[in-house]
Amino acid sequence: MKFTHDTLPQRVVFASGAAQGAVAAEIERLGAKRVMVIAAPEEASLADAVSENLPVAVRHDEVVMHVPVRVAGRAREAAVQAAADALLCVGGGSTTGLAKAVAMTGSPVAGLPIVAVPTTYAGSEATNVWGLTEGEAKTTGVDNAVLPRSIVYDAALTLTLPVGMSVASGLNAVAHCVDSMWAPRTDPINRALAGEGISGLAAGLPAVVADPAGIEGREQTLYGAYLAAVAFASAGSGMHHKICHVLGGMFNLPHAQTHAVVLPHVLAFNGPSAPEAERRIARAFGAPTATAGLAGLRRGVGAPKALKDYGMPEEGIAKAVAPIMAAIPASNPAPVTERNITALLRAAWEGDE
Ligand code: NAD
């Protein structure tokens, strides 16, 4: 066996119902005295509760999905004005993404330590990947300066996440796991993490749907989402992420729902050419095949089905084929052609599984 695996340095604290104390301890460890708290207006009350006893220098609430460059600029300026010495982000991937844009190399406050308190299952908190958008173009990059120093997972903070968004976000995490099975830098460690991630998510998400106010399903889902993100950060973007990245940028589609819709089509596409991945995914779901496992989970939670429901125009199918083909890694298990990518996109657009 020969492989090299990078493990990202990060503290991970699971503290159900106890985020406030756990965050205070992480901020103290950093020796921070002037904290910039980033949270969208929708998550303001969660952020209030989490930051109650902290030395807060400034609150910033201008959060926009995919982090437009101008929004990032204003957040950096706010950090400079407040002489912030640490960032605390409370929210979903968009909020974590803004904290990363403030801390990234090239920012006037590059390297500010981040403590991340996620309230969705997107997983950005466990990766060193940043994203910024300018017009229609989304740029992403890898920079260790954006990796949060600590994550505090408190499942109680996700209880307010509506069921539909919980399902889409949880399936975004399942997509991290599935794509990690064949992404360009995949290795046995990533595949083990991804398999355990699928099992956590497959147990957690139906429990969230059955009892949205129950803590255990939320905990399982957060645990699975963390493992999913660690696997994805190490394995890199495979076919699934490349497709979603192109579609999201071109048609301004919602992130989690796009992932949820596209995933079964990519699994059906690659599965037959990736028998080891197929077996591992099936085992993680406890199902006879990977596709049956995913289909069962999707049915049970009422998964999003069609890209046309999220604003993608039909003529977008033809427009997206060439950039998607250019982006899919050469190592993808199944060969990619204009014809089979068009068929995949049409099926995802129509919701034909
Ligand atoms: P999001 O952060 O935009 O949140 C979606 C919606 O849920 C928002 O309206 C938000 O206000 C609401 N919300 C969040 N938490 C809530 C809670 N606990 N209760 C009630 N409402 C809540 O969406 P997301 O899917 O979490 O993140 C998407 C973004 O994250 C995209 O820009 C994507 O590119 C990025 N992302 C980055 C990485 C990475 O590694 N860099 C990984 C995954 C996602």
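Use the structure listed above.
Residues numbered from 1 in each chain as written. Predicted model: local features only at pLDDT ≥ 70, side-chain atom pairs only at ≥ 80, totals over all residues. Heavy atoms only, no water.

Peer 1: Break down a nonpolar patch on the surface for me, with residues and values.
Peer 2: The grouping of M1, F3 and I189 at the surface amounts to a nonpolar patch, some 360 Å² of accessible area in total. Examined against the element boundaries, F3 turns out to sit in the segment before β1 (11–14). We classify F3 as partly exposed; its relative accessible area is 36%. (Patch = residues over 30% accessible without salt bridge, like charges linked within 9 Å, V, L, I, M, F, W, Y side chains within 5 Å. Areas by Shrake-Rupley, 256 points an atom, 1.4 Å probe, with all protein chains shown as cover. Salt bridge = Lys/Arg side-chain N within 4 Å of Asp/Glu carboxyl O. Helix = DSSP H or I, 4+ residues; strand = E, 2+ residues; numbered from the N terminus. Buried < 20%, exposed > 50% of the residue type's maximum accessible area, 1.4 Å probe, protein only.)

Peer 1: Describe in detail unusual backbone geometry, supporting the description with residues and values.
Peer 2: A positive phi is found at A83, a non-glycine position, where the angle reads about 50°. Positive phi outside glycine occurs at N252, with the angle close to 50°. Positionally, N252 belongs in the loop between α8 (239–251) and α9 (255–270).

Peer 1: I'd love a proper account of helix α11 (residues 290–301), names of residues and values included.
Peer 2: In this model α11 runs 17 Å from its N-terminal to its C-terminal C-alpha over twelve residues, within 8% of the 16 Å that 1.5 Å per residue would give. Regarding α11, the residues found buried are A290, G293, L294, L297, R298 and V301. For α11, the buried positions fall inside an angular range of 130° around the axis, keeping them on one side. Away from the buried face of α11 by more than 90 degrees, exposed residues R299 and G300 are located. The inward-facing, buried residues of α11 abut α5 (163–180), α6 (188–210), α9 and α10 (275–285). Positive backbone phi, at 65°, marks G302, one or two positions downstream of α11. (Expected span 1.5 Å × (residues − 1). Arc of directions from axis to C-beta. Contact = heavy atoms within 4.5 Å.)

Peer 1: Please set out the pattern of salt bridges residue by residue, giving values where relevant.
Peer 2: Following the criterion strictly, the structure yields seven salt bridges and no others. Close ionic contact of R191 with E276 constitutes a salt bridge, the shortest N to O distance being 4.0 Å. In this pair, R191 is assigned in helix α6 and E276 in helix α10, connecting sequence segments 85 residues apart. Several salt bridges share partner residues, and in doing so they unite R191, E276 and R280 into one network.

Peer 1: Go over the nonpolar core, please, and point to the residues and values.
Peer 2: Formed by 65 residues in total, the largest nonpolar core has its most connected members in V174, I243, L247, L307, I324 and L345. Not counting residues within four places of it along the chain, the set of residues in contact with I243 comprises V262, V266, I324, L344 and L345. (Core = buried A, V, L, I, M, F, W, Y, C linked by side-chain atoms within 4.5 Å.)

Peer 1: Kindly report on helix α3 (residues 69–81), identifying the contributing residues and their values.
Peer 2: Over its 13 residues, α3 extends 18 Å from the first C-alpha to the last, a length consistent with the 18 Å expected when each residue adds 1.5 Å. Those residues of α3 that fall on the buried side of the exposure criterion are V71, A72, A75, R76, A78 and A79. Along α3, the residues classed as buried sweep out an arc of 160° about the axis, all on the same side. Structural note: α3 exposes R70 and Q81 on the side pointing more than 90 degrees away from its buried face. Summarising the contacts, the buried residues of α3 are in contact with β2 (35–38), β3 (56–60), α4 (93–103) and β6 (129–134).

Peer 1: Summarise the state of the cysteines; cite the residues concerned and give the values.
Peer 2: Throughout the structure, instances matching the rule amount to zero disulfides. Left without a disulfide partner, C177 is nearest to the cysteine sulfur of C244, which lies 14 Å away. (Disulfide = S-S within 2.5 Å.)

Peer 1: Before we move on, can you summarise the side chain of S107 with the specific residues and values?
Peer 2: Assignment of secondary structure puts S107 in the loop between α4 and β5 (114–118). According to the relative accessible area criterion, S107 is buried, its value standing at 6%. The residues touching S107, leaving out its near neighbours within four places in the chain, are R76, A101 and V102.

Peer 1: How would you summarise the packing of α3 against α4 if you had to cite specific residues and measurements?
Peer 2: Relative to each other, α3 and α4 sit at 65°, their axes nearing to 9 Å. Seen along the crossing, α3 lies across α4 with a hand that is right-handed. Residue-level inspection shows V71, A72, A75, R76 and A79 of α3 in contact with α4, the latter providing L98, A101 and V102. Class assignment for the residues of the contact of α3 with α4 results in seven nonpolar, no polar and one charged. (Axes fitted to C-alpha atoms, helices over the stretch in contact; angles between N-to-C directions. Left-handed = near helix turned anticlockwise from the far one by under 90°. Nonpolar A, V, L, I, M, F, W, Y, C, P; charged D, E, K, R; others polar.)

Peer 1: Tell me what's going on with the site of the ligand, and back it up with residues and numbers.
Peer 2: In the vicinity of the ligand lie 22 residues, with S94, T119, T120, T127 and K138 positioned nearest. A distance of 2.6 Å is found between an oxygen atom of the ligand and a side-chain nitrogen or oxygen belonging to S94. Residue T127 places a side-chain N or O atom 2.6 Å away from an oxygen atom belonging to the ligand. Coverage of the ligand by the protein amounts to 83% of the 870 Å² it exposes when considered alone. Examining the composition of the shell around the ligand, we find that three residues originate from one element, α4, more than from any other. Residues of the shell around the ligand, tallied by class, amount to eight nonpolar, ten polar and four charged. (Near = heavy atom within 4 Å. Polar contact = N/O pair within 3.5 Å; in protein donor to acceptor, adjacent residues only side chain to side chain.)

Peer 1: Any chance you could break down the sheet that holds strand β8 (residues 150–153) for me, citing the residues and the numbers?
Peer 2: Strand order in the open sheet made by the six strands is β1-β8-β5-β4-β2-β3, with parallel pairing throughout. Two strands lie at the open edges of the sheet, namely β1 and β3, each paired on one side alone. Averaged over all adjacent pairs, the angle separating strand axes in this sheet is 15°, with direction ignored. Bridge count between β2 and β3: four bridges; the pairing is parallel. Within the sheet, the bridge partner assigned to V37 lies in β3 and is R59. Each of β1, β2, β4 (86–91), β5 and β8 is contacted by helix α1 (residues 19–30), which is oriented at about 170° to β8, the strand it contacts most. Taken strand by strand, helix α7 (residues 215–235) contacts β1 and β8, and its axis lies near 170° from that of β1. (Pairing = 2+ DSSP bridges.)

Remember that the coordinates give geometry; whether it matters functionally is a separate question.
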